[in-house]
Amino acid sequence: MFSVALGLGAMGAHAAPRGMGVAPHEQDPSPCAALVARLPNLQQALCEAAALKPTDGRSVQGRRLYARDVVGPDSRLRVLVVGAMHGDELSSASVALHWIQHAVQTPANAHWRFLPALNPDGLLAQPARRTNARGVDLNRNFPTPNWKRDAKVYWEQRTRKDPRRWPGPSPLSEPESRFLHKEMARFPPHLIVSIHAPYGVLDFDGPGVPPPQLGRLYLDQVGIFPGSLGHYGGVHQGMPVVTVELPNAFRTPLDAELRQMWMDLLRWMGERIAPTVAPGPPFRPGRPG
């Protein structure tokens, strides 16, 4: 495993994530009250300790998108972790927040950027819903080749126009998918970890050797879909995408299992991803223009 260090590394407790475009002079309330009330296995103290920072991203309904950077020493490897792309997969946001705690304790030689709740409108809806506030499945809204033809055909013929899987009117039509797309450019990750539920497997798209398992989740590659993050990032942008499919959308794995998943992820990164990163001084993403 690549080396592990304790503490926050280069990020101060109150530092805004580099490149996240925090709006000046704007005070956003903490998102923790809403998240703790909605998410499983999330206590106020853990959420507050995550020290989420407001970004320049907003949802359809105007909710602020939050992020957290954790930067290890000598961090050449950049990892983007995304939770709650589907709002009804509550456990995915909880796991992302728990993993922030693990990253602070054992960041390894990585610059982590966490987006725990990409779809806050779906997450906080009553009841929670997969899609965003405009009814778009964000994980079918990325600009894969031939999106206009393939996404429509897949939705109409394979899902029989399932409203929970509508890809939207055009690629990147939604503010949430546009925000993530922009993050992929201004924080170009060597690895994307996208947390979902409830299929209880690992999926992998892109170059390199996939992880065989994380904790009790084993690799079971399920194919690619028009407009998905794995298809766009992994296949067409060359950014390996690990999709963690938790076994339950409403319960997280036990804390010991969450830690084992984290340690397995670090071990695989050290063996398979870190050696592919070019040597040289660490890249520090700047603020967007």
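About the cut-offs
Residues numbered from 1 in each chain as written. Predicted model: local features only at pLDDT ≥ 70, side-chain atom pairs only at ≥ 80, totals over all residues. Heavy atoms only, no water. Phe/Tyr/Trp six-rings, centres within 6.5 Å; stacked < 30°, edge-to-face > 60°. Helix = DSSP H or I, 4+ residues; strand = E, 2+ residues; numbered from the N terminus. Buried < 20%, exposed > 50% of the residue type's maximum accessible area, 1.4 Å probe, protein only. Lys NZ or Arg CZ within 6 Å of the ring centre and 35° of its normal. Pairing = 2+ DSSP bridges. Axes fitted to C-alpha atoms, helices over the stretch in contact; angles between N-to-C directions. Contact = heavy atoms within 4.5 Å. Salt bridge = Lys/Arg side-chain N within 4 Å of Asp/Glu carboxyl O.

Novice: It is not clear to me how the packing of aromatic side chains should be interpreted in this structure. Could you clarify?
Specialist: The geometry of an aromatic ring pair is captured by the separation of the ring centres together with the interplanar angle, meaning the angle of the planes. Counted by the stated rule, this structure contains six aromatic pairs. Consider the rings of F204 and W268, whose centres lie 6.1 Å apart with planes at 85°: the pair is edge-to-face. With a gap of 64 residues between them, F204 in strand β6 (residues 201-205) and W268 in helix α8 (residues 255-273) connect regions that are remote in the sequence. On the basis of relative accessible area, F204 is assigned to the buried category, the value being 4%. The ring of F225 has R140 sitting right over it, with the charged end atom 4.6 Å from the ring centre.

Novice: Help me out: how do you make sense of the sheet that holds β6 in this one?
Specialist: Across a sheet, paired strands are connected by hydrogen bonds in the backbone, their directions being either parallel or antiparallel. The strand order across the open sheet formed by seven strands is β1-β2-β4-β3-β5-β9-β6, and the pairing between neighbours is mixed. Strand pairing shows two members of the sheet lacking a second neighbour, β1 (53-58) and β6, which therefore form its edges. Between one strand and the next, the sheet's axes are offset by a mean angle of 25°, whatever the strand orientation. Alignment of strand β5 (residues 191-196) against strand β9 (residues 241-245), held across five bridges, turns out to be parallel. The residue bridging S194 from the neighbouring strand is T243, located in β9. Against the sheet, helix α6 (residues 175-186) touches β1, β2 (64-71), β3 (77-82), β4 (110-115) and β5, its axis set at about 115° to β1. Its contacts with the sheet place helix α7 (residues 229-236) against β5, β6 and β9, and it is angled at close to 150° to β9.

Novice: Looking at this model, I keep getting lost on the environment of A133. Mind explaining?
Specialist: Within the fold, A133 resides in the loop between α4 (120-124) and α5 (147-158). The sequence separation of A133 and V60 amounts to 73 residues, and the corresponding C-alpha distance is 6.1 Å. Apart from residues no more than four positions distant in its own chain, A133 is found in contact with V60, Q61 and D121.

Novice: Help me out: how do you make sense of the pattern of salt bridges in this one?
Specialist: Side chains that differ in sign of charge can pair as their charged atoms come close. Using the criterion set out here, one finds 15 salt bridges in the structure. Among the salt bridges present, the one from R113 reaches D69, with a minimum N-O distance of 2.7 Å. Within this pair, whereas R113 is found in strand β4, its partner D69 is found in strand β2, the two being separated by 44 residues in sequence. As far as burial versus exposure is concerned, R113 and D69 are alike and both buried. A salt bridge links R164 to D88, with the nearest nitrogen and oxygen atoms 2.8 Å apart. Here R164 is found in the loop between α5 and α6, whereas its partner D88 is found in the loop between β3 and α3 (90-105), with 76 residues between them in sequence. On the accessibility criterion, D88 (15% relative accessible area) is buried. Within the structure, one salt-bridge network assembled from shared partners comprises D56, D69, R113, K182, E183 and R186.

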